[in-house]
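Structure at a glance
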Amino acid sequence: MTTINGEVAPGFEPVREAFVANFTQHGDIGAAVCVYWHGRPVVDLWGGVADVDTGRPWTRDTLQLVYSATKGATATAAHMLAERGMLDLDAPVAKYWPEFAANGKADIPVRWLLSHQAGLVALDEPLPLAEALAWDPMAAALAAQRPLWTPGTAHGYHGRTWGWLVGEVIRRVSGRSPGRFFADEIAGPLGLDFFIGLPAGERNRVSRMAYQRPAVDLTTVAAELVPEELREQVAAWRDPNSFSNRAFAVTDPAAIDFDSPEVQAAELPSSNGIGTARALARMYAALIGEVDGVRLLAPETLASATEEQASGKDQVLVFPSRFSSGYMLPAEGNLMTGPNAFGHTGRGGSLSFADPRHGVAFGYAMNNIMSGADDVRAAALTEALRRALVRS
């Protein structure tokens, strides 16, 4: 039996019950969940094993790489610059990054980068991983890249490139790398244990990931046996030239070892944020209200930041998705706590979001990387949170 540590305020016991069930029934190895309600923590739980090879336990201060949940942190940095009048989301990217105008991109607004509408999901020639981690070569490659669809006519999840695209705008406007800006302006004031670019001294606190394969690999199943509603998606997975594959193959090699010191130390603002579930929940709580005297965005800025910009069939994911200017919005398979929520998922199960209607902010981080219908952990926690909110 996994020992669960931490605290739960009265009324939020369903979240603890769901968290326990994630270990006993749904495959969690090491994980943490945190909920803020009206600016104060009401759930702060952790348990399990941070490294299956050594048996190192998951502690209160264990850090976890959360893949694309990082995008919510990076988007917040961009909106802070917009609120300060330093960045106009409707201005051309080339206003801040002149080289970006190449190959017909002179009129693409910053907002289309944030909302996955720029058509820059992949590179014609993937970059050596070392060059991508060094930042400048990847920024130059994306500035030179031609869009793969007419910008603004469709949206598709810029899984990897989003971080360099939005991050370079942040760098050009603020004079600081996105990781440095986040550390100075968000993590510092709020006391967050979260990093985009891990300092060497923090590495021994990071959990090591485990990867669980789906029970059935649909790409190996005869096409006629694939459920009809999944056939288009599976066909895209099988095609090495599809956007679905190319969007995650912008480096050479395409597979990135996110447990490696080099990758964790680099700044990948789309996908290598490392921190605690507590830090994620606290950041989102400070987006919708004040937390210990800190509020990150004014209500009117937040309303603009979370307004829907793109919805419908996603050219990369090949299923419906919804995005505001940088945040995911509730959609089938990721309902969060209701239609007013906003946040971001991460590969393998992590999730962080806020729901201003309910005054709630949520963070979940785990080291067993799962995918598809096999993974119900975040959904179980958010469903338990909805029940708790109804009671409260």
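So, a few notes on the structure that sits alongside this text. (Residues numbered from 1 in each chain as written. Predicted model: local features only at pLDDT ≥ 70, side-chain atom pairs only at ≥ 80, totals over all residues. Heavy atoms only, no water.)

1. Here we look at the environment of R16
Here R16 shows up in helix α1 (residues 13–24). Residue R16 is classed as partly exposed on the basis of its relative accessible area of 36%. Separated by 148 residues in sequence, R16 and W164 have C-alpha atoms that sit 37 Å apart. Apart from residues lying up to four places away in sequence, R16 is in contact with I4, V8 and L45. (Helix = DSSP H or I, 4+ residues; strand = E, 2+ residues; numbered from the N terminus. Buried < 20%, exposed > 50% of the residue type's maximum accessible area, 1.4 Å probe, protein only. Contact = heavy atoms within 4.5 Å.)

2. Overview of the sheet that holds strand β10 (residues 274–275)
Pairing in this open sheet of 3 strands is antiparallel, and the strands run β5-β10-β7 from one edge to the other. With one partner strand each, in any of the chains shown, β5 (64–65) and β7 (194–195) form the two edges of the open sheet. (Pairing = 2+ DSSP bridges.)

3. A closer look at the packing of aromatic side chains
One pass over the structure, following the stated rule, counts 12 aromatic pairs. Between Y157 and F323, the ring centres sit 6.0 Å apart and the planes meet at 5 degrees, which makes this aromatic pair stacked. In this pair, Y157 is assigned in the loop between α6 (136–144) and α7 (161–174) and F323 in strand β12 (residues 320–323), connecting sequence segments 166 residues apart. Exposure class is identical for Y157 and F323. Each is buried. One aromatic cluster is present, formed by Y157, F248 and F323 through successive ring pairs. When the ring centre of F100 is taken as origin, the NZ or CZ atom of K105, which lies over that ring, is 5.0 Å away. (Phe/Tyr/Trp six-rings, centres within 6.5 Å; stacked < 30°, edge-to-face > 60°. Lys NZ or Arg CZ within 6 Å of the ring centre and 35° of its normal.)

4. What to know about the side chain of H79
Among the structural elements, H79 can be located in helix α2 (residues 70–83). A relative accessible area of 2% means that H79 is categorised as buried. Once you skip the residues sitting within four places of it in the chain, H79 turns out to touch L89, L297, T301, A305, S325 and Y327.

5. As for the packing of helix α8 (residues 178–190) against helix α12 (residues 277–288)
The interhelical angle for the contact between α8 and α12, taken along N-to-C directions, is 95 degrees, at an axis separation of 10 Å. Considering the angle they form, α8 stands roughly perpendicular to α12. Along its contact with α8, which presents F182, I186 and L190, the element α12 presents R282, M283 and A286. (Axes fitted to C-alpha atoms, helices over the stretch in contact; angles between N-to-C directions. Parallel < 35°, antiparallel > 145°, perpendicular 65-115°, else oblique.)

6. Concerning the pattern of salt bridges
A complete count under the given rule lists 22 salt bridges for this structure. With its nearest N and O atoms 4.0 Å apart, the salt bridge here joins R387 to E383. Taken together, the positions of R387 and E383, both in helix α14 (residues 377–391) and 4 residues apart, correspond to about one turn of that helix. Relative accessible area serves as the criterion here: at 33%, E383 is assigned to the partly exposed category. Each of the salt bridges in this network shares a partner with another, and the network as a whole consists of R84, R176, R180, D184 and E185. (Salt bridge = Lys/Arg side-chain N within 4 Å of Asp/Glu carboxyl O.)

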